Amino acid sequence: DAGVIQSPRHEVTEMGQEVTLRCKPISGHNSLFWYRQTMMRGLELLIYFNNNVPIDDSGMPEDRFSAKMPNASFSTLKIQPSEPRDSAVYFCASSLAAGVSGGYTFGSGTRLTVV
Amino acid sequence: GESVGLHLPTLSVQEGDNSIINCAYSNSASDYFIWYKQESGKGPQFIIDIRSNMDKRQGQRVTVLLNKTVKHLSLQIAATQPGDSAVYFCAERPGSQGNLIFGKGTKLSVKP
């Protein structure tokens, strides 16, 4: 099992550019989560999906952020246009089912730097 | 200039000692709790979980205690090793929907 796979590992972009982060959840997992981690705010939930359907996007900072899950094996988080305050580590996590206990498996994260 | 950011509580222990990391959670309706370990440059890694109908759960070298009366969670690590050095997060699930809310984290430093 390769675990949750995120790409890229590092992204440096200029302010105003579009950024797309990618995630491949563990096969068979029905829930997928996007988190953002900063020193100021710790780990924050941005959005999560159950069976490819967005359930709660209340953590998405603003309209510049959007997330999609076109199928069970792929999700994207897009920021357009990016701003320096978006610099953070973005984690994707997946779980077997949202209401079932057991670990939520995290990917290694994408470190985004917006200059 | 001074950097303003999240000031993590730090616990420093001697190798071989037991460690206790504490966490206060916020939602009395939370029914599931998880402890995660995060090493530098890596994503959070699952350590142990506990449901709200339990007050104690043991794993290999780790024990989680849950006190719902005061909304307190603790992680005990026996015979702490240098490899245990990391930031530890507690997380709660406020309902059956599935999203986790994370605490601010505690940095554990193990002295050899």
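Residues numbered from 1 in each chain as written. Chains lettered and ligands numbered in written order. Predicted model: local features only at pLDDT ≥ 70, side-chain atom pairs only at ≥ 80, totals over all residues. Heavy atoms only, no water.

On to the overall build of chain A. For chain A, the helix and strand inventory stands at zero helices and 11 strands. The order of helices and strands in chain A, counted from the N terminus, is β-β-β-β-β-β-β-β-β-β-β. In summary, chain A has a C-alpha radius of gyration of 13 Å against a globular reference of 13 Å for 115 residues, a match within 12%. Oriented by its inertia axes, the alpha-carbon framework of chain A measures out at about 40 × 25 × 25 Å. Counting the 115 residues in chain A, one finds 48% classified as buried. Sequence-distant contacts, at least 24 apart, represent 54% of the contacts inside chain A between residues at least 6 apart. (Helix = DSSP H or I, 4+ residues; strand = E, 2+ residues; numbered from the N terminus. Rg over C-alpha atoms; globule rule 2.2 N^0.38 Å. Buried < 20%, exposed > 50% of the residue type's maximum accessible area, 1.4 Å probe, protein only. Contact = heavy atoms within 4.5 Å.)

Here the focus is the sheet that holds strand S7 (residues 72-77) of chain B. All names here are of chain B. Strand order in the open sheet made by the four strands is S2-S7-S6-S5, with antiparallel pairing throughout. Only two strands of the sheet have a single partner each, and these edge strands are strand S2 (19-24) and strand S5 (56-58). Mean inter-strand twist for the sheet, computed between neighbouring axes without regard to direction, equals 15°. The sheet contact formed by strand S6 (residues 62-67) and S7 spans six bridges and is antiparallel. Bridge pairing in S7 links Val64 to Leu75. (Pairing = 2+ DSSP bridges. Axes fitted to C-alpha atoms, helices over the stretch in contact; angles between N-to-C directions.)

Attention shifts here to the state of the cysteines. All names here are of chain A. Here the structure, examined in full by the defined rule, presents two disulfides over all chains. Here Cys23 is linked by a disulfide to Cys92, with a sulfur-sulfur distance of 1.9 Å. Taking the torsion about the sulfur-sulfur bond, which here is approximately -70°, the covalent link between Cys23 and Cys92 counts as left-handed. With Cys23 in strand S3 (residues 19-24) and Cys92 in strand S9 (residues 88-95), this residue pair connects regions lying 69 residues apart in the sequence. (Disulfide = S-S within 2.5 Å.)

Residue and element names in this part refer to chain A. Grouped together as the largest cluster of nonpolar side chains are 21 residues, with contacts concentrated most on Trp34, Leu77 and Tyr90. For this core, the elements supplying multiple residues, two or more each, are S3, strand S4 (31-38), strand S5 (42-50), strand S7 (65-71), strand S8 (74-79), S9 and strand S11 (110-114). If sequence neighbours within four positions are ignored, Leu77 has contacts with Val19, Thr20, Leu21, Trp34, Leu46, Met60, Ser66, Ala67 and Tyr90. (Core = buried A, V, L, I, M, F, W, Y, C linked by side-chain atoms within 4.5 Å.)

The residue after Ser7(A), namely Pro8(A), is reached through a cis peptide bond having omega -10°. Locating Pro8(A) in the fold gives a position in the loop between strand S1 (5-7) and strand S2 (10-13). With an omega of -5°, the peptide bond between Gln80(A) and Pro81(A) qualifies as cis. As for its placement among the helices and strands, Pro81(A) is situated in the loop between S8 and S9. In this model, Lys71(B) sits at a positive phi of 55°, which is unusual for a non-glycine residue. Relative to the helices and strands, Lys71(B) is located in the loop between S6 and S7.

Moving on: the sheet that holds S7(A). Residue and element names in this part refer to chain A. Taken in spatial order, the four strands make up an open sheet running S1-S3-S8-S7, and their pairing is antiparallel. The outermost strands of the open sheet, each flanked by one partner alone, are S1 and S7. If you compare each strand with its neighbour and ignore which way they point, the axes differ by 15° on average. Two strands pair when backbone bridges link them, and S1 and S3 are joined in this way by three bridges, in the antiparallel orientation. In the sheet register, Ser7 faces S3, and the bridge partner there is Arg22.

This paragraph deals with the pairing of S7(A). A regular strand places its side chains so that they alternate between the two faces of the sheet. Residues and elements named next belong to chain A. In the sheet, S7 pairs with S8 via five bridges, with the strands oriented antiparallel. Directly across from Ser66, in S8, lies its bridge partner Lys78. Following S7, the chain reverses through two residues before pairing antiparallel with S8.

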